[in-house]
Amino acid sequence: MADLQTFQYTPKDFKSDQEVRWCPGCGDHAVLNAVQKALPELGIPKERFAFISGIGCSSRFPYYMDTFGFHGIHGRAAAIATGVKIANPELSVWEITGDGDALAIGGNHFIHAIRRNIDINIILFNNEIYGLTKGQYSPTSEKGLVTKTSPFGTVEEPFSVGELVIGAKGKFFARTIDANVTLSTQIYIEAAKHKGTSVVEVLQNCLIFNDGIHDIVAGREVRDERTLILKHGEPMIFGKENNKGLILEGLKLKVVKIGENGISEKNLLVHNALEPNPGIQYMLANMRYPEYPVALGVIRSVDGHTYETDVEEQIKAIQKDAKIKSVNDLLGSGSTWKVE
Amino acid sequence: MAKNSQVIEREEVVIRFSGDSGDGMQLTGTLFSDTAALFGNDLSTFPDYPAEIRAPQGTVGGVSGFQIHLGHSEIDTPGDYADVLVAMNPAAVKANAKWVKPGGIIIFDKDNFTEKNIEKAGYISDPVIEEKLDSFNVIDAPISSMVKEALKNYGLDPKSVLRTKNMFALGMVYWLFDRKLKYTEQYFDKKFVKKPEIAEANKVALRAGYYYAETIEALNPVIKIEPAQIAKGTYRNICGNSATAWGFLAAAEKAGLKVFIGSYPITPATGILEEMATRKDLGVKSFQAEDEIAGICAALGASFAGNLAITSTSGPGMALKSEAIGLAVMTELPIVIVNVQRAGPSTGLPTKTEQADLMQALYGRNGECPVVVIAASTPSDCFHFAFEAARIALEHMTPVLLLTDSYLANGTEPWKIPKMKDLPKISPPFADKKDIPFLPYKRDCDTLARSWAIPGTPGLEHRIGGLEKTLKGTVSYIPENHEMMTKFRADKVAKVADKIPDLQVYGKNSGDLLVVGWGGSRGYLTTAVRELQSEGHKVSLANFNYINPMPKNVNEVLSKFKNIVVAELNMGQFADYLRIKYPDFKYKQINKVQGVPFTIKEIKDNCINILEGK
């Protein structure tokens, strides 16, 4: 780990000279702030950050960061980021994407990056709508949502980001709300420190085309009652009065009230983000209001081999005993003959 | 192995091994060509196999072939018509009899000519009668029963015994051409070092075939082809796909860069990815992507991060990569995209050759999207043009499309091994401290290339992307800026013409007819033009490798001939391109889209018609 003293950055060091062009009040501004707060905490020299994005409102993100940045094409950020990381594993590679970019046109790259466990940090802005094309439904839109391309409501089931990540053998999944900059900053730091693909789903508000879509759980008045902020090693407690919790009943999670039916804090589930078996984490990631609170925080964080490290190690191992050390060696290898 | 037979000498000969796709014909052909190459013959080979790994046994659709053209003189093509056909079953006769020269030798496995197999091949009666094979020198050897006899005491199961049939046939051909068995025997010793009984069985079958041929009178006389007169040096056999991969490795070494290839398996390009994946010893990072698009996008990411980036594919994959090629054009990152062309459109004839992706390479993208396009022309010069593609990409900061084709990719020929010290150094325009504050789209006055600022270099932080930018890298919708940047991108590609060699003319610089080809057509066009020249015609050849931009002397070359004919394996794409670029000339065309190369005769007949004013 590099010496933290060497790099005395402030969030300002990561702001580019570009004017931020998201709509006033868009949740993206808060995500940008949280990331710019997180980076100085990582002890990584600034020139080693690379921000890669696809297409969509969120994908303008790299332009606003004073780091290396690559604004790609629709859906392909995961593939571009994969190449950047394999080519230079020393870089801290961040992918900025949205629900359409990562889960519709880029779904294939998303799941395969996760499966390979390439050490990139994916921030997925989930506003359940296509914003840049001005309001069509996305793969995370709730069934029945009325949009310009579903004037009578959608007839398809949405993806759940966490379910997809865990299904693709994901080892790190966290969820946050755009407006909660403190929680988000902490999560981005955790995501960066995790070796392997980290996916952070941000419940992000699109002021223009899907305003308030997350308010039912994330609204200021209700969020304490309807969200659960998970912390590794701590009991799963939520509610304004900190009087609700989760227990396991049979094979299902159940919301209970502390003090009722003989339930005390010690009966509650304790969050274990490090558990390789994803069973409970999967249920936590899939909790939906009104039956459950929506889980926030780091839901899963499991160690594993990373693709780019294994590539480097394989090359090193083969080169150690290789007969071919240069292209000249290669050209002269195998069957050759001389014409005098 | 004393020879009592009569010996005749020949300048060149074409041999075609043919059988069921499980009969091991590709190996048989490869072993024969290795032996011929080690003997010193010039040669050219071409495998011809069905797309199905195991097509229905015994049917014409399942026939796999391997053709070798070897000679004492210069050999430029795998040959049109065979002097010798080895046919392991009736279907192989059905598929190939029309490709045997009149009076040629046909060796077939008599034991395989059962009623069932004859019917499967589509014959109604005896193939010998139906194909009028009595005009050929037919040797109906009982190959299956002979290997069973030869290997009866070796304790092998019947299947393994029959698997050596191809070696029996190869042994017969070795005797016919007075070749040594030792290289092939060494191959088996090495290949089956852990299964000595299999190595031995193959060697026994090989020798049994050799002695059988010696015993029967039918294979008299023995045909001798003296070694070719070729330049001094060390040689090896190489196929186009390996040569392409090695060219990239050479370029990476000359540029001092790591190499990254992101590809998705696709026939006939897969060999490039396979070879690169094997080259971990040289530090290659090979990435088998989840799809074609991820292949090029990962490569583009690696290019951004400072690697020599490659993606390899064939036509359908090119279609999928087009959007990302546009991104490479816009971000002005170096990358080489290889298209090993196959017969299309869509899935088309995936194992067959064609040159019909030219317009796709030149124009197949949205917007004004120029890229450098170059094409290799022989299996071994794929090395040179892969090196060139990488050099141009790196020094001019542009995507380069390298076109090869199925015919080059799978074909092999002897190759005089180059020395790394003879290849030019490659100097990419890296940005450094003196470029701070870094302007991503500031250009070199000479090449118009922008400079390459590698992530990890302090002070060079910058953003690039698919949106139009100003010099500073700021997103811009200013109308005049878009037009200016569009022109810069076009001029940058056009300026590559300053750094490429002139178009060469094979033959005299003026005359009655200039045959024009591009890429993989060079071998057969050279042979046809050479024969026409020796027959007294004033014919020359210009075969293009640099397609966009074209060499500076093209107008001058074209202006010196009374007639120009463009020969290509498509419906006339290069002819149309020349009509756009050089409209002052009239272009006649020779075209073919049958999934196979031209025959020399087709080219010559067409040329003679033009010369005679028909």
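In this text the structure is predicted, and so the values were computed from the model without any measurement. (Residues numbered from 1 in each chain as written. Chains lettered and ligands numbered in written order. Predicted model: local features only at pLDDT ≥ 70, side-chain atom pairs only at ≥ 80, totals over all residues.)

**Here we look at the overall build of chain B**
Right, so step 1: The helix and strand inventory of chain B stands at 21 helices and 22 strands.
Right, so step 2: Based on the C-alpha atoms only, the size of chain B along its principal axes is roughly 80 × 60 × 45 Å.
Right, so step 3: For chain B, buried positions account for 54% of its 614 residues.
Right, so step 4: Pairs at least 24 apart in sequence give 77% of the contacts found in chain B among residues at least 6 apart. (Helix = DSSP H or I, 4+ residues; strand = E, 2+ residues; numbered from the N terminus. Buried ≥ 20, exposed ≤ 12 C-beta atoms within 10 Å, placed from the backbone. Contact = placed C-beta atoms within 7 Å.)

**Thoughts on the domain arrangement of chain A**
Residues and elements named next belong to chain A.
Right, so step 1: Under the domain assignment, chain A is made up of domain 1 (4-234 + 271-308) and domain 2 (237-270).
Right, so step 2: Of note, the centres of domain 1 and domain 2, computed from C-alpha atoms alone, are 29 Å apart.
Right, so step 3: Taken together, the contact between domain 1 and domain 2 spans twelve residues of the former and six residues of the latter.
Right, so step 4: Elements supplying a minimum of two residues to the side of domain 1 that touches domain 2: helix H8 (223-226) and strand S9 (227-230). (Domains from an automatic or database assignment.)

**What to know about the packing of helix H12 (residues 292-304) of chain B against helix H13 (residues 315-331) of chain B**
All names here are of chain B.
Right, so step 1: Here H12 crosses H13 at 25°, and the two axes come no closer than 8 Å. In terms of their interaxial angle, H12 and H13 are classed as roughly parallel. At the point where H12 passes H13, the crossing takes the right-handed sense. Contact residues: Glu292, Ile293, Ile296, Cys297 and Leu300 in H12; Gly317, Leu320, Lys321, Ala324, Leu327 and Ala328 in H13.
Right, so step 2: When the residues that make up the contact of H12 with H13 are grouped by side-chain class, the tally is eight nonpolar, one polar and two charged. (Axes fitted to C-alpha atoms, helices over the stretch in contact; angles between N-to-C directions. Parallel < 35°, antiparallel > 145°, perpendicular 65-115°, else oblique. Left-handed = near helix turned anticlockwise from the far one by under 90°. Nonpolar A, V, L, I, M, F, W, Y, C, P; charged D, E, K, R; others polar.)

**Side note on the sheet that holds strand S19 (residues 539-544) of chain B**
Across a sheet, strands are paired by hydrogen bonds formed along the backbone, either parallel or antiparallel in direction.
All names here are of chain B.
Right, so step 1: As summarised here, the arrangement of the four strands in space is S19-S18-S21-S22, forming an open sheet in which the pairing is parallel. On the outer flanks of this sheet lie S19 and strand S22 (588-591), each paired with one strand and no other. This sheet shows a mean twist of 25° between the axes of neighbouring strands, independent of strand direction.
Right, so step 2: Relative to S22, strand S21 (residues 561-568) runs parallel, the two being bridged by four bridges. From the neighbouring strand, Ala567 faces S22, where its bridge partner is Ile590.
Right, so step 3: Contacting strand S18 (511-518), S19 and S21, helix H18 (residues 522-534) crosses the sheet at an angle of about 170° to S19. (Pairing = 2+ DSSP bridges.)

**Topic: the interface of chain A and chain B**
Right, so step 1: Between chain A and chain B, the contact holds 51 residues from the first and 56 residues from the second.
Right, so step 2: Where the side of chain A that touches chain B is concerned, the elements lending two or more residues are strand S1 (49-53), strand S2 (68-71), helix H2 (77-87), helix H4 (107-116), helix H10 (307-321), helix H11 (327-331) and strand S14 (337-339) of chain A.
Right, so step 3: Residue contributions to the side of chain A that touches chain B peak at eight residues, all from H2(A).
Right, so step 4: In terms of residue class, the side of chain A that touches chain B is made up of 24 nonpolar, 19 polar and eight charged.
Right, so step 5: With three bridges joining them, S14(A) and strand S9 (residues 233-239) of chain B adopt antiparallel strand pairing. When the sheet's bridge partners are listed, Val339(A) is paired in S9(B) with Gly233(B).

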